[in-house]
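Here's the letter readout for the chains.
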Amino acid sequence: MLLDDLRTQLGEDQLVTDLDVMESFAHDEAEWAPYGKPVAVVRARTAEDVQTVVRLCIEHRTPVIARGAGTGLSGAANAVDGCVILSLERMDKVLEVDPLERLAVVQPGVVNDHLRAHVAEHGLWYPPDPASSPWSTIGGNLATNAGGMCCVKYGVTREYVLGMQLVTGTGELVRIGRRTAKGVAGYDLTGLLVGSEGTLGIATEITVRLRPLRAEEITVAGFFDSLVAAGRAVEAVAAAGLTPSALELVDRNCLKAVDDWRNMGLSTDAEVVLLGRTDVPGEAGRAEADRLVQCFTEAGAGFAVRSEDSDEGDALFAARRLAYPALERLGPLLTEDVCVPKAQVPEMLGRIEEIGRRNDVLIATLAHAGDGNLHPMMLTPPGDDEQKRRSLAAFDEIIAAAIELGGTVTGEHGVGVLKLDGLATEQAPEVLDLYRAVKRALDPHGILNPGKAIPS
């Protein structure tokens, strides 16, 4: 039996079969995403442990699903019935930092913010910064090609992964990618694996690119009476040729939830707050901040200002990071992750408002507005099945609207199981066939996270 083989080859201390404990590993944070019952959870410590699990699962024709901290919002790490959950949380070491080459080698269970703090001691910086960075792991960030607040200027995870060690769908332990500043030999397998949600291989070691530490950021805040007006300011910033280091949108529902939870004194009469940042040093940075203020004002901000107090700016962005957990306290939270062209941000925000009204659903909206990545979140009272039905309808309508406006169903959370229908609409059948061909080639036994990332 599989469980006997796992005990023999790994040891009892790495195997979890308690039903209550397994339940906590069986799903991520995606509300209402379906999940099944695993037969076991394995807490891997080494790459060889991962290889052993994959080989045994091939032998026993059992699905294997890798997961890190479980902070995902698309159901990509959710169990299927009879699977083995492979937890990588114990593989949490920073193995190397090379200041000359500006790279780090880490295990997949390293928490994003822990890596940032570690490399900061060497005068370096790891840019990808999802809102879950205090909890999410590099392996999970790699699996979903996570973004965050800085990606408007610095890009998403794929831009920072140079290579990796991984266990393939045939149970081999291999290395792909490079450590050099340049390299174009062969197919870009590293780029292919980033964002594949554990369906093509399981990373056991990741080499990431680093940048020098930045100058202290300057924060700009603008207060607007509507989502559409704030969206026009986002468009105006892009039209002015500005690339802020962050451009975040937070609506009043989000700020109120944070204030009610943490009493930060940030609630406002404005419907929407737009938060911009620049990390350009010196006088040029102050000039860029002033141009952001001008863009906000000309787009209709009731009030816009460049902060002279770094603590005040940090508090505003701390509130932005706390918005999701603050809202989650209020009840089930169905979270969107659509991304549209910057020119379509005002239109998309207007459609989100209209979809909420038409379906009688309270939608709280966050956004990495600078790159068009919007996170409307549908709040549903616990146990209200009718409201749940309306929320799911609004969810589907938002996806349809994003696709109609030339956007995509996910900017950073991944497809998982929640966006499978949306992806089938977004991509042509011929493209989906290419996805399936890649999956068959790299996972010929079909055991790696089946049912996720691509429609069957």
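Under an unreviewed UniProt entry, the name given to the chain is FAD-binding oxidoreductase, and the source organism is Enemella evansiae. The UniProt entry for the chain carries the following text under Cofactor (unreviewed entry): "FAD". The record in UniProt for the chain states the following under Sequence similarities (unreviewed entry): "Belongs to the FAD-binding oxidoreductase/transferase type 4 family."

**Thoughts on the pattern of salt bridges**
Scanning the entire structure with this criterion turns up 30 salt bridges. The partner of Glu-404 in a salt bridge is Arg-351, and the shortest N-O contact between them spans 3.2 Å. Here Glu-404, found in helix H13 (residues 385-404), pairs with Arg-351, found in helix H12 (residues 345-359); they are 53 residues apart in sequence, far enough to count as distant. Accessibility expressed as a relative area gives 59% for Glu-404, which makes it exposed. Looking at Arg-351, the relative accessible area reads 22%, which means it is partly exposed. Look at the salt bridges and you will find they share partners, linking Lys-153, Arg-214, Glu-217, Arg-277, Asp-279 and Asp-314 into a network.

**Describing the sheet that holds strand S1 (residues 15-16)**
If you walk across this open sheet you meet the 4 strands as S1-S2-S4-S3, and the pairing is mixed. Of all the strands in the sheet, just S1 and strand S3 (64-67) have a single pairing partner and so form its edges. Pairing geometry for S1 and strand S2 (residues 40-43), over 2 bridges, is antiparallel. Its bridge partner lying in S2, Val-16 is registered against Val-41. Contacts from helix H3 (residues 47-59) reach S2, S3 and strand S4 (84-87) within the one sheet, and its direction differs from that of S4 by about 170 degrees.

**Notes on the packing of aromatic side chains**
This model, assessed by the stated rule, comprises 4 aromatic pairs. Pairing Phe-224 with Phe-296 gives two aromatic rings, centres 6.0 Å apart and planes at 65 degrees, and the pair type is edge-to-face. One end of the pair, Phe-224, is in strand S12 (residues 218-224); the other, Phe-296, is in helix H10 (residues 282-298), and 72 residues separate them in sequence. Phe-296 carries the same exposure label as Phe-224, and that label is buried. The ring of Trp-261 is capped by Arg-262, whose NZ or CZ atom sits 4.2 Å from the centre of that ring. Its end group placed over the ring of Phe-317, Arg-277 keeps NZ or CZ at 4.1 Å from the ring centre.

Cut-offs applied
- Residues numbered from 1 in each chain as written.
- Predicted model: local features only at pLDDT ≥ 70, side-chain atom pairs only at ≥ 80, totals over all residues.
- Heavy atoms only, no water.
- UniProt positions renumbered as here; feature names shortened; annotations may be inferred.
- Salt bridge = Lys/Arg side-chain N within 4 Å of Asp/Glu carboxyl O.
- Helix = DSSP H or I, 4+ residues; strand = E, 2+ residues; numbered from the N terminus.
- Buried < 20%, exposed > 50% of the residue type's maximum accessible area, 1.4 Å probe, protein only.
- Pairing = 2+ DSSP bridges.
- Contact = heavy atoms within 4.5 Å.
- Axes fitted to C-alpha atoms, helices over the stretch in contact; angles between N-to-C directions.
- Phe/Tyr/Trp six-rings, centres within 6.5 Å; stacked < 30°, edge-to-face > 60°.
- Lys NZ or Arg CZ within 6 Å of the ring centre and 35° of its normal.

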